[in-house]
Amino acid sequence: MKLIGKMTILLCGILLIVFANKFPEFGDPHSPASTHLSPYYIEHTMADTAVPNMVTSVLADYRGYDTMFETTVILTAGLACFFLLRLPEEEEKEIYFRHVPTGVTIRIEECGAAPEDSDVFQRIDAQWVPRDIIIRSTSRLLMPFIQIFALYVVAHGHHSPGGGFQGGVILGAAVILFAISHNLRTTVAKISETSAAIMSAAGVFIYAGTGALCVMLGENFLNYGALAPLLGTDRVMARSHGILIVEIGVALAVMSVMIWIYYNLSSAGKQDEGL
Amino acid sequence: MIWQLDLIILVLVIVCAIAAINVKDLLSAAILLGAYSFLLCLLWAIMGAVDVAFTEATVGAGVSTVFCVSAVFHTTRRTTD
């Protein structure tokens, strides 16, 4: 069995290497892609959509249908993680707290009143580590800058590399950084799983809804030029703004799916302790 | 495109990929996969595909490494099966 596997891999590798030589050279001006497809985008992007970054206009406008389903794939990944990993919430019988100044551990029974989780009373989980003030304050300090940069990446995708996917991932990474430096309970208290799920669906809805709005205004699906009367601009600028709306939807979906996957993955579906 | 730089990064990519498969420790494999993604991101940037490089850096090297590490966190050294 092992031999068959190795033979298959070897054969596939040889075939790949042999046929990779048949590809056009890197940057070959006579390759089919460079003679038929690319020139259209290079010549018409600015006139069609008023977006200097061609990649963004191809992704969100010319090939908007693809990107919509990519966003749906991301949502599906989040849902798959949820359905595979999430466990029903259990009633906690006993909770342990540590009173940090004295080092005393307190056990609170089922009906007892638990103190607030603070720097004085720290909740003890199965894996308790002392809270490090340097890590916590540094990541707190970094978070706003990461989020501002993410918003810049989303909003500036028309002019520079970036867009909804990258910006959304960076936004999600900021929240994941908070979850790693603090703990999962604090993060879930701030952004609940329900709101992450709703936001991820809302992002896809914004994308598909923009397309549907174009249909309602009597044009093709995702033809943002139809939004011109609503946005109060001409058709070219409407396509530019339509790309931005769609990118915001993508960013929202990607951000919340990243958070959602992290919640389920880091706590094995229990969503109590986490990494 | 500087071919010497290209060659060094390509060799490092292959080394990282083989090491990530062969290494015994799962955490090291996750980190090596992150290093692999970063090197691949450099390759995309050299080829002029800046958007792809950006996506590779954020998704491949950033978040998926975190996901891998958080999944490895729930494994044990010895299997309980």
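Conventions and cut-offs
Residues numbered from 1 in each chain as written. Chains lettered and ligands numbered in written order. Predicted model: local features only at pLDDT ≥ 70, side-chain atom pairs only at ≥ 80, totals over all residues. Helix = DSSP H or I, 4+ residues; strand = E, 2+ residues; numbered from the N terminus. Expected span 1.5 Å × (residues − 1). Buried ≥ 20, exposed ≤ 12 C-beta atoms within 10 Å, placed from the backbone. Contact = placed C-beta atoms within 7 Å. Pairing = 2+ DSSP bridges. Axes fitted to C-alpha atoms, helices over the stretch in contact; angles between N-to-C directions. Core = buried A, V, L, I, M, F, W, Y, C linked by C-beta atoms within 7 Å. pLDDT = per-residue confidence, 0-100.

1. Examining helix α8 (residues 193–216) of chain A
Residue and element names in this part refer to chain A. Taking 1.5 Å of rise per residue, 24 residues should cover 34 Å, and α8 covers 33 Å from first to last C-alpha, within 8% of that figure. When we look at burial in α8, the residues that qualify are A196, S200, G203, V204, I206, Y207, T210, G211 and C214. Residues of α8 that are buried make contact with α4 (64–85) and α10 (235–266). At the C-terminal side of α8, G218 shows a positive phi close to 90°.

2. Focus: the sheet that holds strand β2 (residues 104–108) of chain A
Residues and elements named next belong to chain A. Strand order in the open sheet formed by three strands is β2-β1-β3, and the pairing between neighbours is antiparallel. The open sheet has two edge strands, β2 and β3 (121–124), and neither has a second partner. The average angle at which neighbouring strand axes cross in this sheet is 35°, direction not considered.

3. A few points about the nonpolar core
V254, M258 and I259 of chain A are the most contacted members of the largest nonpolar core, which has 50 residues in total. When residues of this core are assigned to their parent elements, the largest contribution, 18 residues, is made by α10 of chain A. Leave out the neighbours within four places in its chain, and I259 of chain A touches G172, V175, I176, I191 and A196 of chain A. Of all hydrophobic cores here, the second largest spans eleven residues; its members include L32, L33, L40 and C41 of chain B.

4. A few points about the pairing of strand β1 (residues 95–99) of chain A
All names here are of chain A. When β1 meets β2, the two strands line up antiparallel, connected through five bridges. Pairing of Y96 across the sheet is with R107, part of β2. By the bridge criterion, four bridges tie β1 to β3 in an arrangement that is antiparallel. Following the sheet pairing, Y96 is matched in β3 by I124.

5. A few points about the confidence of the model for chain A
Mean pLDDT over chain A stands at 86; residues scoring 70 or higher make up 98%. By mean pLDDT, the top-scoring element of chain A is helix α1 (residues 2–20) of chain A (93), and the lowest-scoring one is β3 of chain A (77).

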